[in-house]
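As a plain string of letters, each chain reads:
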Amino acid sequence: MSSPDPQVRAARNRSTPSAARGPVVAVTGAASGVGDLLTRRLVASEEIKQVVAIDERRGDVAEARWHILDVRDPAIAEKLRGADVVVHLALDLDLETDAAARTAYNVRGTQTVLTAAAAAGVRRVVLCTSAMVYGALPDNDIPLSEDAELRATAEATGVGDLMEIERLARRAPRAHPGLNITVVRPAILVGGTDTALTRYFESPRLLVVAGSRPAWQFCHVEDLVSALEYAALEKVDGEFAVGCDGWLEQEEVEELSGIRRMELPSAVALGAAARLHRIGLTPSPAGDLAYTMHPWVVSVGRLHDAGWRPAWTNEEVLAALLEEVAGRHTVAGRRLGRKDATAAGAAGATVALLGTAALVRRARRRRGL
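Only a predicted model underlies this, so the values are computations on that prediction, with no experimental measurement involved. (Residues numbered from 1 in each chain as written. Predicted model: local features only at pLDDT ≥ 70, side-chain atom pairs only at ≥ 80, totals over all residues. Heavy atoms only, no water.)

Considerations on the overall build of the chain
Looking only at helices and strands, the chain features 14 helices and 15 strands. A buried classification covers 51% of the 369 residues belonging to the chain. In the chain, the proportion of contacts linking residues at least 24 apart, taken out of those at least 6 apart, comes to 76%. Accessible surface for the chain amounts to roughly 16700 Å². Of this, 51% is attributable to carbon and sulfur atoms. (Helix = DSSP H or I, 4+ residues; strand = E, 2+ residues; numbered from the N terminus. Buried < 20%, exposed > 50% of the residue type's maximum accessible area, 1.4 Å probe, protein only. Contact = heavy atoms within 4.5 Å. Areas by Shrake-Rupley, 256 points an atom, 1.4 Å probe, with all protein chains shown as cover.)

Details of the environment of A286
Inspection of the secondary structure assignment puts A286 in the loop between α10 (266-278) and α11 (301-305). In this structure, the C-alpha to C-alpha distance between A286 and A156, residues 130 residues apart in sequence, is 7.0 Å. Ignoring any residue separated from it by four or fewer positions in sequence, one finds A286 in contact with L270, A273 and A274.

Some details on the packing of helix α9 (residues 250-257) against helix α12 (residues 314-325)
For the pair α9 and α12, interaxial distance at closest approach is 11 Å and the crossing angle is 50°. By the angle between their axes, α9 is oblique relative to α12. As for how α9 packs across α12, the hand of that crossing is right-handed. Contact residues: V253, L256 and S257 in α9; E315, L318 and L322 in α12. Residue classes in the contact of α9 with α12 are distributed as 4 nonpolar, 1 polar and 1 charged. (Axes fitted to C-alpha atoms, helices over the stretch in contact; angles between N-to-C directions. Parallel < 35°, antiparallel > 145°, perpendicular 65-115°, else oblique. Left-handed = near helix turned anticlockwise from the far one by under 90°. Nonpolar A, V, L, I, M, F, W, Y, C, P; charged D, E, K, R; others polar.)

Quick notes on empty space enclosed by the protein
Tallying each qualifying case throughout the model produces 2 cavities of 30 Å³ or more. Roughly 40 Å³ of internal volume is contained in the second largest cavity. Together, A187, I188, A215, Q217, W296 and V297 line the second largest cavity. Considered class by class, the residues forming the lining of the second largest cavity number 5 nonpolar, 1 polar and no charged. (1 Å grid on protein atoms, 1.4 Å probe; cavity = no way out; pocket = protein on both sides within 12 Å on 5 of 7 lines; lining within 4 Å. Points joined across faces, edges and corners; volume = space filled by probe spheres on them.)

Comments concerning the confidence of the model for the chain
Should the pLDDT be low somewhere, the predicted coordinates at that spot are not to be read in detail. In the predicted model, the chain carries a mean pLDDT of 87, and 83% of its residues have values of at least 70. Taken together, the stretch residues 1-19 has pLDDT below 50 and engages in 14 contacts with residues farther than four places along the chain or on a different chain. Across residues 338-349, where pLDDT falls below 50, the model places 11 contacts with residues more than four positions away in sequence or in other chains. (pLDDT = per-residue confidence, 0-100.)

Notes on the nonpolar core
L80, I181, F201, W216, F218 and Y291 are the most contacted members of the largest nonpolar core, which totals 64 residues. Look past the residues within four positions of F201 in its chain and what remains in contact with it is L206, W216, F218, V253, I259, L318, L321, L322 and V325. Core analysis: the second largest hydrophobic core is formed by 36 residues, L189, A227, A231 and L303 among them. (Core = buried A, V, L, I, M, F, W, Y, C linked by side-chain atoms within 4.5 Å.)

Topic: the pairing of strand β2 (residues 50-55)
Counted residue by residue, β2 has 5 buried out of 6 residues, so it is predominantly covered. The sheet contact formed by strand β1 (residues 24-28) and β2 spans 5 bridges and is parallel. In the sheet register, V25 faces β2, and the bridge partner there is V51. As for the winding sense of the linkage, the β-α-β connection from β1 through helix α3 (residues 33-43) to β2 is right-handed. Both β2 and strand β3 (residues 65-68) contribute to a ladder of 4 bridges, which runs parallel. Paired with I54 across the bridge in β3 is H67. (Pairing = 2+ DSSP bridges. Right-handed = clockwise from strand over helix to strand, strands pointing away.)

Notes on the pattern of salt bridges
By the definition in use, this model includes 19 salt bridges. Where R72 meets D70, a salt bridge forms, and the shortest distance between an N and an O atom there is 2.8 Å. With a relative accessible area of 32%, R72 lands in the partly exposed category. In this structure, E251 engages R261 in a salt bridge whose closest nitrogen and oxygen atoms are separated by 3.6 Å. You can see E251 sitting in helix α9 and its partner R261 sitting in strand β13 (residues 261-264), a full 10 residues away along the chain. Taken together, the salt bridges that share partners define one network made up of D84, R123, R124 and E234. (Salt bridge = Lys/Arg side-chain N within 4 Å of Asp/Glu carboxyl O.)

Pasting the structure below:
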């Protein structure tokens, strides 16, 4: 057990050979979200020599060495000098961000970090994408191998950016010999996150597309952070997935959540989702719906082989998610205020949004738009 006395711990850390030999790890996006959690974990690790934190604002982890700049700034190369490993977490996957601006930030930021890391003599860059890059398809194996083909398209929120980051990861070792790339692909991330998939559980009814076979695999942010630490310490490399062991069927999710389903034909659900997004009523494109229809469960075998185990089960993460979203009201990916949700009712809220889309279409036709 660790000594409770900070002075004892500090003295031991200074004298521990493993700490002296440990890597210097730089974390981008270190001031918030997963980056903040990873930075805190790394500065507390006896296996890490030093943590370099990079963000557009200074975070709260005083033990890290901070550099304040945009990851798209080529000056980042100088800030990475002396680092052994870079964990790149400065990504924008916010549902409300303009898609073009989001792509410009995510792709250009990753390109700059990879180039800067190579120029600074960094030996490894860890990138974090998502298991969504495998695609949600009716013929997917359950679970998918980590070596499975990446068959996602750019039709879901941010997935096009993640696919481009995956392509950059594959090209980087050829463009920058000596630079090793590790890609981490979490399942549905839960814990302070706001995505189309977490908003699914804010709805008064769980939309189920007739004939679909969804399977749910979660990843608590604490498990992602521990997996990223494994990657930073080079205990696992290459491309690997992270998430809970196993998965939940739709019926299990409904039973555990206590939220009843609303079942719609595929053409109705996909057509309505596309129209609602096109006229700006919802932030989620129709492509997001595929990830609630078809399985994209992944194996986490490579982490298991490295000795890692998830601290959370799917059931526990679902319970944490439901607690986190309690009191929020979302229909078709659009957040409603309490007054709107109460007035609309449960299933009626979905019908109201679908009706609104139809009214807008008729109005546009009358105006000749």
